[in-house]
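Architecture at a glance
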Amino acid sequence: MTDTAAQTAAPTPSKRVFSGIQPTGNLTLGNYLGAIRNWVTLQDNSECLYCVVDMHALTLFQEPAALKEATRQVAAALIACGIDAEKHILFNQSLNQDHAELAWYFNCVARMGWLNRMTQFKDKAGKNRENASTGLFVYPNLMAADILAYRATHVPVGEDQKQHLELARDIAIKFNNDWEKPDFFPVVEPLILGEATRVMSLRDGSAKMSKSDPSDMSRINLTDDTDMIAKKIRKAKTDPEDLPRDADGFEGRPEARNLVTIYAALGNESISDALRDVGGGQFGAFKQKLADRAIAHLSPITEEMNRLLEDRAEIDRLLFRGGERAKALSAPILAETREVLGLVHH
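Residues numbered from 1 in each chain as written. Predicted model: local features only at pLDDT ≥ 70, side-chain atom pairs only at ≥ 80, totals over all residues. Heavy atoms only, no water.

A few points about the side chain of Gln22
Examined against the element boundaries, Gln22 turns out to sit in the loop between strand E1 (16–21) and helix H1 (29–42). In contact with Gln22, not counting residues within four places along its chain, are Val53, His56, Ala57, Val74, Tyr139 and Lys211. (Helix = DSSP H or I, 4+ residues; strand = E, 2+ residues; numbered from the N terminus. Contact = heavy atoms within 4.5 Å.)

Concerning the packing of aromatic side chains
Taken as a whole and judged by the stated rule, the model has 9 aromatic pairs. The interplanar angle of 25° and the centroid separation of 5.6 Å between the aromatic rings of Phe175 and Phe184 together place this pair among those described as stacked. The two residues Phe175 and Phe184 agree in class, both being buried. Pairwise contacts between aromatic rings join Phe106, Phe175, Trp179, Phe184 and Phe185 into one cluster. (Phe/Tyr/Trp six-rings, centres within 6.5 Å; stacked < 30°, edge-to-face > 60°. Buried < 20%, exposed > 50% of the residue type's maximum accessible area, 1.4 Å probe, protein only.)

Looking at the nonpolar core
With 60 residues, the main nonpolar core has Leu78 and Phe286 as its most contacted residues. It is helix H12 (residues 283–308) that provides the largest number of residues to this core, a total of 10 residues. Once residues lying within four places of it in the same chain are set aside, the contact partners of Leu78 are Ile21, Ile36, Trp39, Val52, Ile83 and Leu90. Residues Cys51, Phe121, Leu167 and Phe184 belong to the second largest nonpolar core, which totals 43 residues. (Core = buried A, V, L, I, M, F, W, Y, C linked by side-chain atoms within 4.5 Å.)

Brief notes about helix H10 (residues 254–266)
Here H10 contains 13 residues, and its C-alpha end-to-end distance of 18 Å stays within 8% of the 18 Å for a straight helix at 1.5 Å per residue. Across the 13 residues that make up H10, a large majority, 11, are buried. The set of residues buried in H10 consists of Glu255, Ala256, Asn258, Leu259, Val260, Thr261, Ile262, Tyr263, Ala264, Ala265 and Leu266. Here the buried face of H10 lies against H1, helix H11 (271–278) and H12. A positive phi of about 55° marks Asn268, the residue just after H10. (Expected span 1.5 Å × (residues − 1).)

A word on helix H3 (residues 64–81)
With 18 residues, H3 should cover 26 Å at 1.5 Å per step; its first-to-last C-alpha distance of 26 Å lies within 8% of that length. Of the positions making up H3, those classed as buried are Leu67, Ala70, Thr71, Val74, Ala75, Ala76, Ala77, Leu78, Ile79, Ala80 and Cys81. Gly82, located one to two residues past H3, shows a positive phi value of around 125°.

As for the pairing of strand E2 (residues 47–52)
Taking burial as the measure, the 6 residues of E2 include 5 buried ones, the bulk of the element. As paired elements, E1 and E2 share 6 bridges and run parallel to each other. Following the sheet pairing, Val17 is matched in E2 by Cys48. Viewed along the sheet, the connection from E1 through H1 into E2 turns out right-handed. (Pairing = 2+ DSSP bridges. Right-handed = clockwise from strand over helix to strand, strands pointing away.)

What about the packing of H3 against helix H13 (residues 312–341)?
Two numbers describe how H3 lies on H13: the axes approach to 10 Å, and their chain directions differ by 80°. By the angle class used here, H3 and H13 are roughly perpendicular. On the side of H3, the interface is formed by Glu69, Thr71, Arg72, Ala75, Ala76 and Ile79, while H13 contributes Arg312, Ile315, Asp316, Leu318 and Leu319. Residues belonging to the contact of H3 with H13 are distributed by class as follows: 6 nonpolar, 1 polar and 4 charged. (Axes fitted to C-alpha atoms, helices over the stretch in contact; angles between N-to-C directions. Parallel < 35°, antiparallel > 145°, perpendicular 65-115°, else oblique. Nonpolar A, V, L, I, M, F, W, Y, C, P; charged D, E, K, R; others polar.)

Description of the packing of H1 against H12
For the pair H1 and H12, interaxial distance at closest approach is 13 Å and the crossing angle is 85°. Between H1 and H12, the angle falls in the class roughly perpendicular. Of H12, the residues touching H1 (which contributes Leu29, Tyr32 and Arg37) are His297, Leu298 and Ile301. Grouping the amino acids of the contact of H1 with H12 by side-chain chemistry returns 4 nonpolar, 1 polar and 1 charged.

Remarks on the state of the cysteines
Here the structure, examined in full by the defined rule, presents 0 disulfides. Note on Cys48: no disulfide assigned, nearest cysteine sulfur contributed by Cys51 at a separation of 13 Å. For Cys48, a relative accessible area of 2% translates into the label buried. Looking at the unpaired Cys81, the closest cysteine sulfur is the one in Cys48, lying at 15 Å. Owing to a relative accessible area of 11%, Cys81 belongs among the buried residues under this scheme. (Disulfide = S-S within 2.5 Å.)

Okay, here's the thing in C-alpha cells:
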C-alpha cells in the first residue's frame, strides 16, 4: 500500500484487541490458562489481532533456524487452541515493518526516566546492566508500537505486563498532547481475565510457571504427551497436609493453591467449587483427578498442533496472509502519523 496524503485509517471499532507472544521455547499450560484461552474467548465479541513477536525475541541472541521453527510452532499452538486465523488476524511481527517504524517515533516520545522504572528490564538485565542490549531497554516502546499501530483499544495482560501497558498509555497521552491531536492514539485499556491468570511452577508454588525454567518438570508443555503430563503432575511438589476445604486453608501452602487453581481452571469452575469436589482429600487421589482433567483438555490441542506442523508451508501461508491484513490496518495509521510529525513521505 502506497502512502498518500489521502490515505485515511478506517474508523477503529469499539473494541479492537491486540496481544502478542514471544516465540521462545515451548508454550506451557501457564501460557494457555493465563492468556491463550482468554484470547480465544475474546474472539466472540471483539476484532482481534494476535501476534508472534519475533522482533521482541531478538533482544537476546536467537539462532536463526531455531527462531523460524519456534515462530511456526507458536502459530500452530495458537491455532490448535482455537485462534481463528481467518476470521481474525494472526501474524508474526516482522511481517509488518510498521511496528519498527512507529517504535522509533515512540523512542523519541518516551522519556528515559519512564524506561528506567521498568522492573522487567532490571530483572532481565540483572547485575550486568551495562552489557544488556539497547533493544532490551527500549522493548516497551516497541510493545507500545505493536498496540498503537492498529489503534487497539484493549490488551489482555498478566500482572507482569501491566507496567508496560501503563507506559503505552503514557506514550499515547504524551504524543496526543505534544502534537495537539486529542484522541489520535487511544489510551488503551487492560483486560485481566480469568481466575488462573497466574499459573505457578510445579516445583515451586511461589514462582511463575515459565518456559525458560531450566527444569522441564516445573511446567506442562503443550507438546507433552499424556504419559509426560501424568508424570509431571504425579511428581509435582506438595505438602504433608490434606487439601483444604476452603480457600482460607491455602495460607502458607502455595503448591496446594497452585494445583487446585489449575484443576479449577481446566474445569471452568471457581476454586470454591473445586474445593467442594476435592477439599479434604489426599494429594495422591487428587493428582490422579488433576492428571485426568489435564489430559482430557490438552491432548486434543497437542494432536491438532502436531497435525498442523506436518505442513509448515501452510502455517507460513496463514502467517503471511495475516501480515498482509495487519499491514492494511496499520499503513493508513502510519501515514497519518508521518503527517502529524511533519515528515515528507509522499
